[in-house]
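Structural overview for review
The lines below spell out each chain.
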Amino acid sequence: MPSFIRRSNVSSSSADRPLELDVQMESPPLIMYGAPDVSSGALASGLLKMTVFEHAIQTNSVNLKFMRVLHTKNPVRESCPNCRAIVDVLESWNFSSSTFSFSHGTHTWPFSFIIPGHFPQTTESPFVNIRYFLLATVTSDVSANSNVKLEHTLNIKRSIILNTDKVAQRLFPPTSLVALLEMPPVIHALSCIPIQFQLTGCRPQNTKYSWHLSKVSWRIEEQIKAQINPCTEHEGSRKPHVYRETRLLGNDEHRTGWKVDGDRILFEIPVSTSLLSKPICDVTLDGQYSLSIAHQLIFETIVVEEINARPVNSNARILRMKVNLPLTERGGLGVSWDEECPPMFSSVGPSPPPYEHAIQMPPV
């Protein structure tokens, strides 16, 4: 399988710096498959490349770090850097920790690590941003111009792939109406999914009353909840900031198009998000910065009671259903990294007996 190469955008020449750093990712796109509690994470591998333009250069250390930065636009205290951002070093590699002389040319160091499946994916929200990157550092005592740093951004995504459809059912007492929704278990940004709507109990037996469907409407809402707590230094002296925001990603209404089949009404509705909504995938983050992004499908129908096929003006009802509809990235043809590994020799079952042993066995 061909590798997907991603390079850092570094523009430097030998006249400006004695060396140049570059990160070449050899692993596929970093996608964590499955929910955070069951995902095995994503496998990242690549090469750190250092190109020396001079005849030789002496360095003190060559270091690479995998880091995560949680940044908020609304800190509890503006002047405090610990209230504004949280920086975590998740992995670290010391490729050269002592004084060493590198000759002219390109020097490479391989690295690999597993991103845990419970980590939140790269997210940019109105209140909290989650960012991952690789930080390469080369230090030297020759001159201040010899100390070089490079940041290579890692875009980590999450995809939940489920094959079975989700079925949501609700009763509406005191009427005999029962609404049933059948839909895919997840939705993707800028995609259209079909929803099967079924309403039963419209014409109860042995009665002159019936229900007529006059309008069907739906909307997809994105609910963002965030709590920004102060750092340990300002804890107790400042109150946390709590934010709530609901965004409309898509909506539509229908007054015709359904099919009446005896006691039930059938309707297939295409549901999609708007091109300008810029939805954010579901994510959950706990700690000093708490962030929760979830999506809901709100389905509403208006039914009017009829007597002998004539509407009763004083009796109309609004039937409303709310269904959680996770929004994730597309999985494509990829699979989890632990499912790509070939079987070990010990996991292969016993081989069939050789021909000499098989002809000596009694017939069955």
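Analysis parameters
Residues numbered from 1 in each chain as written. Predicted model: local features only at pLDDT ≥ 70, side-chain atom pairs only at ≥ 80, totals over all residues. Heavy atoms only, no water. Helix = DSSP H or I, 4+ residues; strand = E, 2+ residues; numbered from the N terminus. Buried < 20%, exposed > 50% of the residue type's maximum accessible area, 1.4 Å probe, protein only. Contact = heavy atoms within 4.5 Å. Pairing = 2+ DSSP bridges. Axes fitted to C-alpha atoms, helices over the stretch in contact; angles between N-to-C directions.

**Some points on the environment of Ser217**
Here Ser217 shows up in strand S16 (residues 209-228). Classification of Ser217 by relative accessible area gives buried; the value is 15%. Along the primary structure Ser217 and Ile302 are separated by 85 residues, whereas in three dimensions their C-alpha atoms are 8.8 Å apart. If near-sequence neighbours (up to four positions away) are discounted, Ser217 is found in contact with Asp252, Glu253, Ile298, Phe299 and Glu300.

**Topic: unusual backbone geometry**
At the junction of Pro173 and Pro174, the peptide bond is cis and its omega measures out at 5 degrees in the coordinates. We note that Leu190 has phi near 55 degrees; this positive angle belongs to a residue other than glycine. Tracing the sequence through the fold places Leu190 in the loop between strand S14 (187-188) and strand S15 (192-200). Backbone geometry at Lys278 places phi at a positive 50 degrees, although glycine is not the residue there. Position of Lys278 relative to the elements: it lies in the loop between strand S19 (264-272) and strand S20 (283-285).

**Let's talk about the sheet that holds strand S13 (residues 178-183)**
The strands that make up a sheet pair up through hydrogen bonds in the backbone, lying either parallel or antiparallel. Read from one edge to the other, the open sheet built from 5 strands follows the order S12-S13-S15-S19-S18, with strand pairing classed as antiparallel. Each edge of the sheet is formed by a strand with only one pairing partner; in this case those strands are strand S12 (166-171) and strand S18 (259-261). Going from strand to strand, the sheet's axes swing by 20 degrees on average, the running direction of each strand aside. Bridge analysis of S15 against S19 gives 9 bridges, and the strand direction is antiparallel. What sits directly across from Gln198, in S19, is Leu266.

This is a description of form; function is not addressed.
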